[in-house]
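For reference, the chains in residue letters:
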Protein chains: 2
Amino acid sequence: MKRLALTGGERADWLRLSRTRGIGPITFFHLLEQYGSATAVLDDLPALVRKAGGKNETKAPSKSDIDREIEAAGAIGATYLAACEPSYSACLAAIDAPPPVIAVRGDKRLLNKPSVALVGARDASAVGRRMARDLARELGQSGLVIVSGMARGVDGEAHAASLDTGTIAALAGGIDQIYPPEHGRLYAQLAERGCLVSESPVGYIAGARDFPRRNRVISGLALATVIVEAAERSGSLITARFALEQGREVMAVPGSPLDPRAKGANRLIKQGAALIESADDVLYAMEGIAPPTFDEPFADRYGAPGADVPPALLRAVREALSPTPTRVEEIVRTVDAPHRLVLAALAELELAGEAVTHVGGTASRAV
Amino acid sequence: MKRLALTGGERADWLRLSRTRGIGPITFFHLLEQYGSATAVLDDLPALVRKAGGKNETKAPSKSDIDREIEAAGAIGATYLAACEPSYSACLAAIDAPPPVIAVRGDKRLLNKPSVALVGARDASAVGRRMARDLARELGQSGLVIVSGMARGVDGEAHAASLDTGTIAALAGGIDQIYPPEHGRLYAQLAERGCLVSESPVGYIAGARDFPRRNRVISGLALATVIVEAAERSGSLITARFALEQGREVMAVPGSPLDPRAKGANRLIKQGAALIESADDVLYAMEGIAPPTFDEPFADRYGAPGADVPPALLRAVREALSPTPTRVEEIVRTVDAPHRLVLAALAELELAGEAVTHVGGTASRAV
């Protein structure tokens, strides 16, 4: 995949292919590598599915459905960016299985500035809120864009304190969805002075399982993630885990062990996260971090064009899958075959309705 | 120096030599190695000083003064232990320049059980106090003796919570001195059920500069030191620094960066101290710590018996000294000579009144 601006029609085809049921993110990029464009994949999709075995109920949304979505987004000033486009966040494009297309509202130039994610508890303490504000303001003044999730508590404070210097909110619902409802004013400010992004369809109302998926976008957009207050088993810890999986720096603000809201952050520090007391600590820990480059070998990551998967490998990959999502790297180790061929096998299995590939670089057996 | 129980007279001579003005701790142990006993050093002291140049106003206290001190200690049930005696804490004996003799009140068997120091702010928060109590109680129940400094705040809580399982207080003043005054009851409890130690003379009232000296005894008595709350530039951080210099583990309980009482502990964690949330964390971090052995090569540490110091080395060591105490290791590097010869040179210079050797393994130019 080369870095490449698309025409409106090409971009619409990216969106259409990405909204196709039965095409997971690995298969998406694998097919893209194979065919060279989303348009070409869509043209051949019926034949592809037939060839793969036909159990997959793959069906692309109609062109007019996609046009309606693009129009609805446009009505509120939102546009789309495909993962190959120069304006798409290079940081986000570098993660495994990035959102193929994101809707963007506001100042999209923020997407390619050095950034840090600041996330934490929705029920943050007064001290946690103040910490979020102070960090966001000072890091913003140091030239970093603040990424967060527009949630109550730490997220909201982080955005509000960095509206003047640059802030991005990644939403779990559609780009037009204001959640939580009391953040209507913040949403408007972000649309006007900051930036909002979403990989969900316009009008989509997020459910509980959409937030972890969104959290990987928060960490993916940023060079580093700072956890301000996070209880055990909290969403912030999920964001931290994604950041680590994405090879990004994780930092945490400590708290008293007797405060449940500090448990998650303290745990992270124990596990090696940098202990943060001030914006200077963040800047120090970020010294020498090279921004991910966009021009990584996508073919290596998503399978070579036209890879011919030996039937034995296809069987081995099928057997390696379980109903629980497994990391692709683990499957590669299990079947002991080249990464690109395993990805090609996963794509074939997904097209055949036997596998599901997930955001974040995992795959499971279709059930 | 061999591990060896002393007769009352020999112990009194250890005390007398250790209370001799102009005999710093390095010179004390150096001479002991050279002469084989404190008694022999005392016998030859006038000749030694004459030979060394005579500028040193070295003068041992009279035998009767020492007998009076021992009697005064005995009146409150305190006894003395020399660093070579089996009952003296093996942990403490292993530090550089340990107190040659300590006064002990209470259960001296506690001195040779596995122990952990728990220190922190005198003006600790309610949360810090509770943390100290919880840690002391649980670590005590796990079989560890709790060492602290009998101060207000964290120290007092740590002792009180471990009276049933074993606790040692290291005092800055004499073994008979109750400080702070409001800890009269705690002092009595420690004397009855725990253990009190002091390297100061009976009746001695501690001044500000005595507390750092005492803090090295706290860390020296313990296998590891846990800091509960510590502001920047606090005594607890001095204890932590001593622990590190003594090669002991340092651990710290984190707190909010907005709480000044957490600054010191957070700083320690940044520098590599284990982050402690619970007694289990302490136990985990202590796994595999081998207790210091008593039978370290004292001759290596304090100079070989009868080492003949070349005049050129004596000059080089003299020139390496400054009015600010310098670590012996640094002097060794500067003059590029064997450690034992440098120690011998320092002892000769101290006897000549040109150097002062300090507790904690430093030396300075006499001024």
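Here the structure is shown first, and the text comes after it.
In this numbering scheme, every chain counts its residues from 1 along its sequence in written order. To label them, take the chains in the order written and letter them from A, then take the ligands in the order written and number them from 1. In keeping with the model being predicted, local features are shown solely for residues with a pLDDT of at least 70 and side-chain atom pairs are shown and tallied solely at 80 or more, while totals for entire chains, interfaces and linings include all residues. Each side-chain value is worked out from all heavy atoms of the structure, with water and hydrogens disregarded.

S.K.: Can you walk me through the sheet that holds strand S3 (residues 115–119) of chain B in this structure?
M.R.: Strand-to-strand pairing in sheets goes through backbone hydrogen bonds, with the strands running parallel or antiparallel. All names here are of chain B. Note on pairing: DSSP must find at least two bridges between two strands before they are called paired. Helix and strand definitions here come from DSSP, where helices need a minimum of 4 consecutive H or I residues and strands a minimum of 2 consecutive E residues; each element is numbered from the N-terminal end. Spatially, the nine strands line up as an open sheet ordered S1-S2-S6-S5-S4-S3-S7-S8-S9, and their pairing is mixed. The open sheet is flanked by strand S1 (79–82) and strand S9 (274–275), the only strands paired with a single partner. Along the sheet face, helix H1 (residues 8–18) touches S1 and strand S2 (101–106) and points at about 80° away from the line of S1. Across the face of the sheet, helix H6 (residues 126–141) comes into contact with S3, strand S4 (145–148) and strand S7 (224–227) while running at roughly 175° to S3. In what follows, a contact means two residues having at least one pair of non-hydrogen atoms within 4.5 Å. A fitted line through C-alpha atoms represents every axis, and for helices the fit uses only the stretch in contact; the resulting angles, taken between N-to-C directions, go from 0 to 180 degrees.

S.K.: How do you make sense of the packing of aromatic side chains when you look at a structure like this?
M.R.: Centre distance and the angle of the planes are the two values used to describe a pair of aromatic rings. Stacked, tilted and edge-to-face are the three classes assigned to paired rings of Phe, Tyr and Trp, where Trp is represented by its six-membered ring and a pair needs centres within 6.5 Å; plane angles under 30 degrees give stacked, over 60 edge-to-face, the rest tilted. Summed over the entire model, instances satisfying the criterion amount to eight aromatic pairs over all chains. On the basis of an interplanar angle of 70° and a centroid distance of 6.4 Å, the ring pair of B:Trp14 and B:Phe29 is categorised as edge-to-face. With B:Trp14 in helix H1 and B:Phe29 in helix H2 (residues 25–35), this pair connects stretches of sequence that are 15 residues apart. The same class applies to B:Trp14 and to B:Phe29, which are both buried. Here B:Tyr179 and B:Phe211 contribute two aromatic rings whose centre-to-centre distance is 6.0 Å and whose plane-to-plane angle is 50°, an arrangement assigned as tilted. A residue pair is termed long-range when its members are at least 10 positions apart, and B:Tyr179 in the loop between strand S5 (167–171) and helix H8 (184–193) and B:Phe211 in helix H9 (residues 210–221) qualify at 32 residues. Put simply, the rings of A:Trp14, A:Phe28 and A:Phe29 pair up and form one aromatic cluster. For a ring to carry a charge above it, either NZ of a lysine or CZ of an arginine must fall within 6 Å of the ring centroid while also lying within 35 degrees of the normal to the ring plane. If you follow A:Arg241 out to its NZ or CZ, it ends over the ring of A:Phe242, 5.5 Å from the centre. Classification of residues uses two cut-offs on accessible area relative to the type maximum, computed with a 1.4 Å probe and protein chains only: under 20% is buried, over 50% is exposed, and between them is partly exposed.

S.K.: Mind showing me how you'd approach the interface of chain B and chain A here?
M.R.: A common way to express how large an interface is: the accessible area buried when the components associate. In this assembly, 18 residues from chain B lie in contact with 18 residues from chain A. Put simply, buried area is how much 1.4 Å-probe accessible surface two parts lose in total, over both of them, once they are put together. For the chain B and chain A pair, buried surface summed over both sides reaches about 1600 Å², with 66% attributable to carbon and sulfur atoms. Should a side-chain nitrogen of Lys or Arg be within 4 Å of a carboxyl oxygen of Asp or Glu, the pair is scored as a salt bridge. The tally of links between chain B and chain A comes to four salt bridges. Between A:Lys270 and B:Glu277 there is a salt bridge, with the nearest N and O atoms lying 2.8 Å from each other. By the criterion applied in these results, polar contacts are pairs of N or O atoms within 3.5 Å in which, for protein atoms, one can donate a hydrogen and the other can accept it, and in which residues neighboring in sequence qualify only through two side-chain atoms. Linking chain B to chain A there are four residue pairs in polar contact (both at pLDDT 80 or more).

S.K.: Would you mind showing me how to read the packing of H1(B) against helix H3 (residues 38–52) of chain B here?
M.R.: Packed helices, taken two at a time, are described by the angle between their axes plus the distance between the axes. Residue and element names in this part refer to chain B. Their axes nearest at 8 Å, the elements H1 and H3 cross at an angle of 50°. The orientation of H1 with respect to H3, classified from their angle, is oblique. Helix-helix and strand crossings are classified by hand; for H1 and H3 the assignment is left-handed. Mapping the contact onto sequence places Asp13, Trp14, Arg16 and Leu17 in H1 and Ala38, Thr39, Val41 and Leu42 in H3. Note on terminology: angles under 35 degrees are roughly parallel, angles over 145 are roughly antiparallel, angles of 65 to 115 are roughly perpendicular, and the others are oblique. Two helices cross in a left-handed way if the nearer one is turned anticlockwise from the farther one by less than a right angle. They cross in a right-handed way if the turn is clockwise.

S.K.: Quick question: what am I supposed to make of H8(B) here?
M.R.: Side chains of residues three or four places apart in an α-helix project in the same direction, reflecting 3.6 residues per turn. Among the residues of H8(B), B:Leu186, B:Tyr187, B:Gln189, B:Leu190 and B:Ala191 are the ones counted as buried. Tucked into the core, H8(B) has its buried residues touching S2, helix H7 (154–160), S5 and strand S6 (195–198) of chain B.

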